[in-house]
Structures are given as C-alpha cells and as structure tokens.
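Residue-level listing of the chains:
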Amino acid sequence: MTDVKRNRINLTEKDYEGAPSTMCRGCGHDAISASVMRAFFESSIDPRKVIKLSGIGCSSKTPAYFLGQSFGFNAVHGRMSAVATGANLANHKLLPIGISGDGDTAAIGLGNFCHMMRRNVNITYIVENNGVYGLTKGQFSATADIGSVMKGGKVNDIPAIDLAELAITLGATYVARSFSGDRKQLAPLIQGALAHRGSAILDVISPCVTFNNHEGSTKSLKYVKGHLDPIHDVDFIPPYENIEADYEEGTDHEVRLHDGSRIVLHKLSKDYDPTDKGQAITAVHAAVAEGKFLTGLIYYNPNRIDFATELDLCDTPLAELGQEDLQPTAEQLDEINASFMK
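Fair warning: this is a prediction, and the values are worked out from it, not measured in the lab.

Caption draft 1: Quick peek at helix α6 (residues 163–170). Along α6, the residues that are buried comprise Leu163, Ala164, Ala167 and Ile168. Projection of α6 onto a plane perpendicular to its axis shows the buried side chains occupying an angular sector of 135°, all on one side. At the exit of α6 stands glycine 171, carrying a positive phi of roughly 125°.

Caption draft 2: Spotlight on the state of the cysteines. Going through the model one piece at a time under the given rule, you end up with 0 disulfides. Looking at the unpaired cysteine 24, the closest cysteine sulfur is the one in cysteine 27, lying at 6.4 Å.

Caption draft 3: Structural view of the pairing of strand β7 (residues 174–179). The buried fraction of β7 amounts to 6 of the 6 residues, a majority that puts the element mostly inside the structure. With burial as the criterion, each face of β7 is covered, one bearing Tyr174, Ala176 and Ser178 and the other bearing Val175, Arg177 and Phe179. Where β7 lies against strand β8 (residues 199–205), 6 bridges are found, and the strand directions are parallel. Across the sheet, the residue bridging to serine 178 is valine 204, located in β8. Sheet topology places β7 next to strand β12 (residues 293–300); 4 bridges connect them, and they run antiparallel. Its bridge partner being in β12, alanine 176 is matched across the sheet by leucine 297.

Caption draft 4: The packing of helix α3 (residues 80–90) against helix α5 (residues 110–119), seen in detail. Following both chains from N to C, one finds α3 and α5 inclined at 35°, their axes separated by 7 Å at the closest point. Residue-level inspection shows Ser81, Ala82, Ala84 and Thr85 of α3 in contact with α5, the latter providing Asn112, Phe113 and Met116. Its residues placed into classes, the contact of α3 with α5 shows 4 nonpolar, 3 polar and no charged.

Caption draft 5: Examining a nonpolar patch on the surface more closely. Where nonpolar side chains cluster on the molecular surface, the patch consists of Leu333, Ile336 and Phe340 and spans about 310 Å² of accessible area. You can see isoleucine 336 is positioned in helix α12 (residues 330–340). The class of isoleucine 336 is partly exposed, set by a relative accessible area of 37%.

Caption draft 6: Highlighting the packing of aromatic side chains. Taken as a whole and assessed by the stated rule, the structure comprises 3 aromatic pairs. A ring pair is formed by tyrosine 16 and phenylalanine 41, whose centres lie 5.9 Å apart and whose planes are at 85°; its orientation type is edge-to-face. In this pair, tyrosine 16 sits in the segment before α1 (28–42) while phenylalanine 41 sits in helix α1, placing the two residues 25 residues apart along the sequence. Overall, tyrosine 16 belongs to the buried group, its relative accessible area being 0%. An angle of 80° between the planes, with centres 6.0 Å apart, marks the rings of tyrosine 174 and tyrosine 300 as edge-to-face. Here tyrosine 174, found in strand β7, pairs with tyrosine 300, found in strand β12; they are 126 residues apart in sequence, far enough to count as distant.

Caption draft 7: How the structure looks around the environment of glycine 134. You can see glycine 134 is positioned in the loop between β5 (132–133) and β6 (139–140). Look at glycine 134 and you get buried, because its relative accessible area is 17%.

Caption draft 8: Inspection of the pattern of salt bridges at higher detail. Inspection of every chain in the model, using the stated rule, returns 7 salt bridges. Where glutamate 42 meets lysine 5, a salt bridge forms, and the shortest distance between an N and an O atom there is 3.3 Å. Remark: lysine 5 occurs in the segment before α1 and glutamate 42 occurs in helix α1; sequence separation between them is 37 residues. Glutamate 42 gets classed as partly exposed once you look at its relative accessible area, which sits at 33%. Residue arginine 177 pairs with aspartate 203 through a salt bridge whose shortest N-O separation is 3.0 Å. With arginine 177 in strand β7 and aspartate 203 in strand β8, this residue pair connects regions lying 26 residues apart in the sequence.

What counts, and at which threshold
Every chain is numbered independently, its residues counted from 1 as its sequence is written. Under the rules for a predicted model, residues below a pLDDT of 70 receive no local features and side-chain atom pairs below 80 are neither given nor counted, while totals for whole chains, interfaces and linings still include all residues. Only hydrogens and water are removed before side-chain values are computed, so all heavy atoms of the structure are retained for them. For each residue, the accessible area found with a 1.4 Å probe, counting protein chains only, is set against the maximum for its type, and the residue is called buried under 20%, exposed over 50%, and partly exposed in between. Secondary structure elements are taken from DSSP: a helix is a run of H or I of four residues or more, a strand is a run of E of two residues or more, and numbering for both begins at the N terminus. By definition, the arc is the one covered by directions from the helix axis to the C-beta atoms. Throughout, disulfides are identified as pairs of cysteine sulfur atoms within 2.5 Å of each other. Here the rule is simple: two strands pair whenever DSSP picks up at least two bridges between them. Here, axes are lines fitted to C-alpha atoms. For helices the fit covers the stretch in contact, and angles between N-to-C directions go from 0 to 180 degrees. The criterion used for residue contact is that any of the two residues' heavy atoms lie within 4.5 Å. Each residue gets one of three labels, nonpolar for Ala, Val, Leu, Ile, Met, Phe, Trp, Tyr, Cys and Pro, charged for Asp, Glu, Lys and Arg, and polar for the others, Gly among them. Note on patches: the residues involved have over 30% relative accessible area and no salt bridge, like charges join within 9 Å, and the nonpolar side chains Val, Leu, Ile, Met, Phe, Trp and Tyr join within 5 Å. Per-residue and other accessible areas follow the Shrake-Rupley method at a 1.4 Å probe size, with only the shown protein chains counted as cover for residues. The term salt bridge refers to a pairing of a side-chain nitrogen on Lys or Arg with a carboxyl oxygen on Asp or Glu at a separation within 4 Å. Note on aromatic pairs: the rings of Phe, Tyr and Trp (six-membered ring only in Trp) are paired at centre separations within 6.5 Å, and the planes decide the class, stacked below 30 degrees, edge-to-face beyond 60, tilted for the rest.

What follows is the structure, encoded as structure tokens:
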C-alpha cells in the first residue's frame, strides 16, 4: 500500500478511473481518456468537484470511462455546449469538462459551439476528431479533409471546417491541437486547459480504427503520424508556461516517436507567440496548405474574463440558493420593474 503513488490531495490514479471501456479495440478515444485521467491526477483535482458533459456519438460515451465519482450529463445530439453553459451558470464552483466529437460539434452542434466560444464560457472542451460518423457506419463529418476517401471508396469534395481556427476567430481563449497517441503532449495540454479560466478548446485527432483507418483517409493512424508538425514541446508549469523546444528554429529534424517510428519536424520561428491571434490563424492556414497538422498551444488569451464572471454572479452557486433568495418580494419586484423603465 505504501508504494502506491498519491497526489497532493492523497488520491491514487485509481480514484480517477471510470467504467471499463466498450470502444473498439485500439480506438484513439481510449487514449484520450487515459490522458484525461492523468491530467486530473497530476493536477490533484478532486473528481467529486467536477462535472462531465457530452452529446451523442462514440466520443460522447467516453466520459463514462473516467472520473467515476464526478457529476455527469449526457445531452442530446449537438447540444452539449448549451447544456454546459447552463450548468456553468447554475454552479460555477464545479469544474466542467466537455467531450464531444467532430459530428456533434462541427455539424448539428455548430451553432451552440459558436455561441459558447463567443461567450468564453469556462470549460475544458475536448473534440475527439476522427473525421467520420462512427456510430452510423463511417460517413464523412464536417471536419473530413477534402480529398479524403471513405472506406467504401467515395471521395470527399467538400472543404473541412477547421475547429481550431474557428474557435480562435469566435473568441476562445485557449486553443490547442494534439494527437490521441501522444500522451506526453496531450496530458499537459489538458492540465493547462483545466487551469485556464475561460473556453479552452482541444482539437484532438483520434483515428477511427473501424471506419477511417485506411490509405485514403487523412485522419488515419498512418497518415497522422507522417504529417505531425509540433510547434514546440509542451509541459505544464503553473501559471501556463511552456518549455522551449530544444532544436533550432526554422529547420527540419528527424525525430523518433515513443512507439519507435520516425517523423520529420519543422520547427516554427522562436518568435511564434500563442497570444498573437493573427499569427495563430495564419499558422493554421499554412499547415492546412502543406497538408500538416499543427500540434501544441496554438492560441492563448489570459486577459479576457469568462462568461460567469462577466455576468457578475453571486459567490454562492445559483443551484445552492434557497427559495427566499430566488423569489423577490413584491417590493423588490416593483424596484426591478421600475429599473427597466428608466
């Protein structure tokens, strides 16, 4: 018992586990769940003070597989953003984490996603992005890259929605992209998102082993490993500082990944500033043009206040207020109505 690793609040890694996964064997979503558990454990966050939110899809099943002691709400398709906004305002003392998919976020839920970003709602929002609708046999989603080939041979001729670029444009204040199998990078990015106050979006490429892991797919395991282009090595050192990369800027480097495979990295200039919104959008555009995936902290704005703070809510969560606090007297109601007439 004495050699079991414990964090600063005396919990073990087992305290952050959930139910056994029922995902397809080798699914990238399970690797993301493992990074989520590691991030919460390393950050010493009490799972009983967390609320997990999701919509519909393979991705939205995964909150059942981590943080089994946390609150949870599985919303209808595409409405996770709206439900999470309400939960955040009803009880801003809970730490929210949302898990959604590319279909749930970029198609049926796109409207709700846009307004959540615009409001800078406090949440860690992970998009498990595989470019297909896995539960309905692998049709293209709105994030499927143009030229991608469906398992049955159909070629996608519609441009993809880049969720990282969209989130930056709409007002998100922490935007990152990673790969499900790179836990060394993904876990600290999640830790940074959990510590951030505002909308933190992580677009995580997560290959579907059943419907989108073939030669024609740009989100297959093989394709993604050959096209990673990390901006910098990332670690989590409060408050939100990143470790600088240890190879020369502006040069190509062949590196060996954890699984033994090799990729060529091109490091961007050391002048890259994740707080520069214009540069972030340009970097995303350049990567798309070169057929690469940017990974790392793409955009960060620590200065904008989150939605609940902007509304100047009382310190006590609305969900914990009593009837006397929530129901104004007749005199107070008259004052409120009179204020609207000024």
